[in-house]
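Listed below are the residues making up each chain.
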Amino acid sequence: MKNRLRVLRAERGWSQQDLAERLEVSRQSVNAIETGRYDPSLPLAFRIADLFERSIEEIFVNPALEGAVEE
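Since we're looking at a predicted model, the values are computed, not measured.

## A short note on helix H4 (residues 42-52)
Stage number 1. Taken as a whole, H4 has its buried residues at Leu44, Ala45, Ile48, Ala49 and Phe52. For H4, the buried positions fall inside an angular range of 140° around the axis, keeping them on one side. Exposed residues on H4 whose side chains face more than 90 degrees from its buried face are Leu42, Pro43 and Asp50.
Stage number 2. As for H4, its buried residues are in contact with helix H1 (5-11), helix H2 (16-23), helix H3 (27-34), helix H5 (56-59) and strand S2 (60-61).
Stage number 3. Directly after H4, the chain includes Glu53, whose backbone phi takes a positive value near 55°.

So, in structure tokens, the structure goes:
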């Protein structure tokens with residue numbers, strides 16, 4: 001799943017390890033989410049959204065809706 005996690009993390013000057021510690025996951029998990037190899041669980045997605053003070057939809061892109069035109 002595409003996401004803006006790397007951009008949001010970089011805006012704050014955080015390393016993958018910094019973000020992992022804040023989310024209480026491994027650095028490898030953060031890397032896998034950022035590269036789209038792993039989709040976070042719903043509870044983890046909510047923790048990410050809360051940490052960045054954004055909605056889940058602002059961080060994660062649903063591939064089925066990508067490119068859809070809003071009316």
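## Observations regarding unusual backbone geometry
For residues other than glycine, phi is negative in most cases, and the peptide bonds are mostly trans.
Stage number 1. Look at Glu24: it is not a glycine, yet its phi comes out positive at around 60°.
Stage number 2. As for its placement among the helices and strands, Glu24 is situated in the loop between H2 and H3.
Stage number 3. Phi is positive for Glu53, which is not a glycine, with a value near 55°.
Stage number 4. Considering the arrangement of structural elements, one finds Glu53 in the loop between H4 and H5.

Calculation rules
- Residues numbered from 1 in each chain as written.
- Predicted model: local features only at pLDDT ≥ 70, side-chain atom pairs only at ≥ 80, totals over all residues.
- Heavy atoms only, no water.
- Buried < 20%, exposed > 50% of the residue type's maximum accessible area, 1.4 Å probe, protein only.
- Helix = DSSP H or I, 4+ residues; strand = E, 2+ residues; numbered from the N terminus.
- Arc of directions from axis to C-beta.
- Contact = heavy atoms within 4.5 Å.

Take it as geometry only, folks, not as evidence of what the structure does.
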